[in-house]
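Each chain is listed here by its residues.
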Amino acid sequence: MSEINISTADADQIIAFQGHPGAYSHLSCRKARPGMTPIPCGSFTEAMQKVEKGEAALAMIPIENSTAGRVEEIYRQLPRTQLSIIGEHFESINHCLIGLKGSTLDEIRTVCSHPQALAQCDNNIMKLGLETDVKSDTAGAAHEIMQLQDKSRAAIASSLAAELYKMDILKENFQDHDGNTTRFIILSREAATPDYQPGQKYVTSLMFRVRNLPAALYKAMGGFATNNINMVKMESYMDTGSFQATSFYLDVEAHQLDQGMINALEELAFFAQDIRILGTYKPHPWRQQGRSLS
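So, here is what we can say about the structure in this document.

What counts and how
Counting from 1, residues in each chain are numbered in the order their sequence is written. Under the rules for a predicted model, residues below a pLDDT of 70 receive no local features and side-chain atom pairs below 80 are neither given nor counted, while totals for whole chains, interfaces and linings still include all residues. Here the side-chain values reflect all heavy atoms present in the structure, with hydrogen atoms and water set aside. A strand pair is defined by DSSP finding two or more bridges across the two strands. Secondary structure elements are taken from DSSP: a helix is a run of H or I of four residues or more, a strand is a run of E of two residues or more, and numbering for both begins at the N terminus. Note on definitions: angles span 0 to 180 degrees between N-to-C directions of axes, and those axes are lines fitted to C-alpha atoms, for helices only across the stretch in contact. Pairs of residues are marked as contacts when any of their non-hydrogen atoms sit within 4.5 Å. For this analysis, a salt bridge means a side-chain nitrogen from Lys or Arg found within 4 Å of a carboxyl oxygen belonging to Asp or Glu. A pocket here means an open set of points on a 1 Å grid, computed over the protein atoms alone, that has protein on both sides within 12 Å along at least five of seven lines. A cavity is instead a set of points where a 1.4 Å probe fits but cannot get out; residues with an atom within 4 Å of a point line either one. Grid points are joined across faces, edges and corners, and a volume is the space filled by probe spheres set on the points.

Side note on the sheet that holds strand 13 (residues 231-237)
In spatial order, the strands read 13-14-12-15; together these 4 strands make up an open sheet with antiparallel pairing. With one partner strand each, in any of the chains shown, strand 13 and strand 15 (272-281) form the two edges of the open sheet. The average undirected angle you get between the axes of adjacent strands in this sheet is 15°. By the bridge criterion, 6 bridges tie strand 12 (residues 203-210) to strand 14 (residues 247-252) in an arrangement that is antiparallel. Bridge pairing in strand 14 places Thr 204 opposite Val 252. Against the sheet, helix 9 (residues 259-271) contacts strand 12, strand 14 and strand 15, and its axis sits at roughly 155° relative to strand 15.

A few points about the sheet that holds strand 10 (residues 168-171)
The strand order across the open sheet formed by 5 strands is 8-7-9-6-10, and the pairing between neighbours is mixed. One side of each edge strand has no neighbouring strand; the edge strands of this open sheet are strand 8 (131-134) and strand 10. Mean inter-strand twist for the sheet, computed between neighbouring axes without regard to direction, equals 35°. Inspection of the sheet shows strand 7 (residues 110-113) paired to strand 8 by 4 bridges, in the parallel sense. Residue pairing across strands places Ser 113 opposite Val 134, the latter belonging to strand 8. Contacts from helix 6 (residues 138-148) reach strand 6 (96-99), strand 7 and strand 9 (153-157), with the element oriented near 155° to strand 9.

Focus: the pattern of salt bridges
By the definition in use, this model includes 16 salt bridges. Put simply, Arg 287 and Glu 88 hold a salt bridge, and the shortest N to O gap is 2.6 Å. Taken together, the residues span a long stretch of sequence, with Arg 287 in helix 10 (residues 285-288) and Glu 88 in strand 5 (residues 84-92) at a distance of 199 residues. The partner of Asp 133 in a salt bridge is Lys 135, and the shortest N-O contact between them spans 3.4 Å. If you follow the salt bridges from partner to partner, you end up with Glu 64, Arg 70, Glu 88, Arg 183, Lys 233, Glu 235, Asp 251 and Arg 287 in one network.

With respect to the layout of surface pockets
Taken as a whole, the largest pocket encloses approximately 620 Å³ of empty space. Around the largest pocket, the lining comprises 25 residues; the ones closest to its centre are Gln 18, Pro 62, His 114, Gln 116 and Thr 182. Looking at the lining of the largest pocket element by element, the count peaks at 3 residues for helix 4 (residues 115-120).

Structure representation (structure tokens):
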């Protein structure tokens, strides 16, 4: 199920996402690339492969959440692709309690959703005295209820899921706390590096593996400090199956053609290997509002 028949859409107008139609990734596709056709995929790997094979132009992939932290699988998958990051999108997660058309809160006995969504709505679930049923994703839970036609069951999912499956929103903003936000990266086969303009803000994402030397990471990061480049995110992960060296994902506030960034990368090369720039792109407006995922 998708918003329009994907058989009529050219590959260069398709954006792939993981999950059922109505997932928060789907909602992000509509907001970030409203002119493109979103298509659902069974896994993050499938969504990325569609781009690599030319079956889709872009993939919308979640990389971190303000409540749940990083999406660890993505850090394992990125080095296995040749895709580039061409943009980012921050999506505020506003959970809705949704049920079948005509259902009421008094009829609901069980609420279904992804375990993280259930945890984020735990206080409200307890107030209503509902039992919980864990599902693999939020929109999938809504889809299942639509198929079962059971008015005693509700799902925690997005407003888009309610729209697509023609269900009623019984309660909006059902989460216990506001501010739950997911950061997505937008992946493409081709890099789309914006022209460098002094004074304009940029984010550059890169991956590298430190050499097995004393204080290698400390020394590798020194070039960013001495060149006044702000580091906004660093994640470590083990990708080689060896405990001899660690790989890192890094986001910095700089354009890759800025002279300070060029200097920092030259210094990084002395202490790191397998350096790969994933992309340079303009920051999403959410960053400009002074917010933080930490």
